[in-house]
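Chain residues, written in single-letter form:
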Amino acid sequence: MPSVPKAGAKHGGIGESADSVGRMEFLLTLRRRGIADAAVLRALDEVPREEFVTPNYGDAAYADQALPIDCGQTISQPYVVAYMTEQLEVGPEHHVLEVGTGSGYQAAVLSRLARDVVSVERYRTLAEAARRRLEKLRYHNVTVVLGDGLAGLPANAPYDRIIVTAAAESIPQPLVDELAEGGIMVLPLGPHDDAQRIVKLTKTADGIEREDLIWVRFVPLLPGQAREL
Ligand code: SAH
């Protein structure tokens, strides 16, 4: 189990105790809700979520809720980020694809666990902002690509792990094709106007194994690069 962050450690200091308390609560909430993987908890502890939220929402950075970002999208709820990351079983040798960069927060969390992360976003505004943030924070093993992740990203395939952070109405075949044998893909699957299930797919020599997990609500996975923004 990871140690509870010390007041004053790393992101806090004298005069920042409210922030430290917020961060301590943050980890306790994740643990209480069942996140048990120490490496995943450490990764969420390390990444400063306040850098990824819109400044107006800075005070809510460590609350366990999704928040709006530009282009009508959202930064996912920390519990869901932790849960999907845990289900993805990421190791230090893994080459990971994320579809739906958004703020870049999930990619930053993955970068602490994986060898490298390629993250695709269909909005130029979001892709550029995420790229700047990740550079500023020196997460050098993340590459943000502007494009349509529904079509896959063959140039960097195959991937050991694939995570989709927007709701898919059906399993995108190009992504299944780009998953390495033994690889795992985690995605929210279901209708765009209702709740979806997190689904975990494991590619084996005999085919695809599927597990249906928790209910969630994600913004839709849409085809094509966004024409505006
Ligand atoms: N992982 C993000 C949350 C993303 S919200 C974070 O940590 O902040 C979902 C994102 O998926 C949105 O930014 C949306 O624009 C993007 N998206 C939707 N369909 C896409 C597609 N086909 N290709 C790439 N990105 C897509």
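J.: Help me understand the side chain of Arg122, please; the structure alone is not making it clear to me.
T.: Relative to the assigned elements, Arg122 resides in the loop between β4 (116-121) and α5 (124-136). No salt bridge is formed by the buried Arg122, whose closest oppositely charged neighbour, Asp148, lies at an N-O distance of 5.9 Å. A distance of 3.5 Å separates the side chain of Arg122 from the backbone oxygen of Leu222, its partner in a polar contact. In contact with Arg122, not counting residues within four places along its chain, are Leu146, Gly147, Leu222, Pro223, Gly224, Gln225 and Ala226.

J.: Sorry, what's going on with the site of the ligand here?
T.: Residues in contact with the ligand amount to 28 residues; listed here are only the nearest, Ser103, Glu121, Asp148, Gly149 and Leu222. For the ligand, an oxygen atom lies 2.7 Å from a polar atom in the side chain of Glu121. Here a nitrogen atom of the ligand and a backbone polar atom of Arg122 are 3.3 Å apart. Protein chains shield 100% of the accessible area of the ligand, which is 580 Å² for the free molecule. Those elements that provide at least two residues to the shell around the ligand are β2 (74-75), β3 (95-99), α4 (105-111) and β4. Split by residue class, the shell around the ligand holds 12 nonpolar, 12 polar and 4 charged.

J.: Is there a simple way to think about α5 in this case?
T.: An α-helix turns once every 3.6 residues. As a result, residues three or four positions apart point the same way. In this model α5 runs 18 Å from its N-terminal to its C-terminal C-alpha over 13 residues, within 8% of the 18 Å that 1.5 Å per residue would give. Every buried residue of α5 is accounted for by Leu126, Ala127, Ala129, Ala130 and Leu134. Looking at the buried residues of α5, the elements they touch are α4, β4 and β5 (142-146).

J.: How should helix α3 (residues 78-88) be read in this particular structure?
T.: For α3, a buried count of 11 out of 11 residues is recorded, marking the element as mostly surrounded by other parts of the structure. Along α3, the positions that sit buried rather than exposed are Pro78, Tyr79, Val80, Val81, Ala82, Tyr83, Met84, Thr85, Glu86, Gln87 and Leu88. Downstream of α3 by one or two residues, Glu89 has phi in the positive range, about 50 degrees.

J.: What is the right way to read the confidence of the model for the protein from this model?
T.: Note that predicted coordinates carrying low pLDDT should not be read in detail. Per-residue confidence for the protein averages 92 on the pLDDT scale, and 92% of its residues sit at or above 70. Averaged over each element, pLDDT in the protein is lowest for helix α1 (residues 17-32) (84) and highest for strand β6 (residues 159-164) (99). Scored below 50 in pLDDT, residues 1-15 makes 25 contacts in the model with residues more than four places away or belonging to other chains.

Rules used throughout
- The residue count restarts for each chain, going from 1 along the sequence in the order it is written.
- Local features in this predicted model are restricted to residues of pLDDT 70 or higher, and side-chain atom pairs are both shown and tallied only at a pLDDT of 80 or more, whereas totals for entire chains, interfaces and linings draw on every residue.
- Processing note: side-chain calculations cover all non-hydrogen atoms of the structure and skip hydrogens and water entirely.
- Note on conventions: DSSP H or I runs of at least 4 residues are helices, E runs of at least 2 residues are strands, and numbering of each starts at the N terminus.
- For every residue, the accessible area (1.4 Å probe, protein chains only) is compared with the maximum for its type, and the residue is labelled buried under 20%, exposed over 50%, or partly exposed between those bounds.
- For the purpose of charge, His is not counted, nor are the chain termini; Lys and Arg are scored as positive and Asp and Glu as negative.
- We define a salt bridge as a side-chain nitrogen of Lys or Arg found within 4 Å of a carboxyl oxygen belonging to Asp or Glu.
- Here a polar contact means two N or O atoms within 3.5 Å. Within protein one must be a hydrogen donor candidate and the other an acceptor candidate, and residues neighboring in sequence count only if both atoms are side-chain atoms.
- Residues are treated as being in contact if the distance between any of their heavy atoms lies within 4.5 Å.
- To be near a molecule or strand, a residue needs just one of its heavy atoms within 4 Å of it.
- To measure how exposed things are, a 1.4 Å probe is used in the Shrake-Rupley method; for residues, cover is taken only from the protein chains shown.
- Ten residue types, Ala, Val, Leu, Ile, Met, Phe, Trp, Tyr, Cys and Pro, are classed as nonpolar, four, Asp, Glu, Lys and Arg, as charged, and the remainder, Gly among them, as polar.
- Each residue after the first adds 1.5 Å to the expected span of a helix.
- pLDDT runs from 0 to 100 and stands for how confident the predictor is about each residue.

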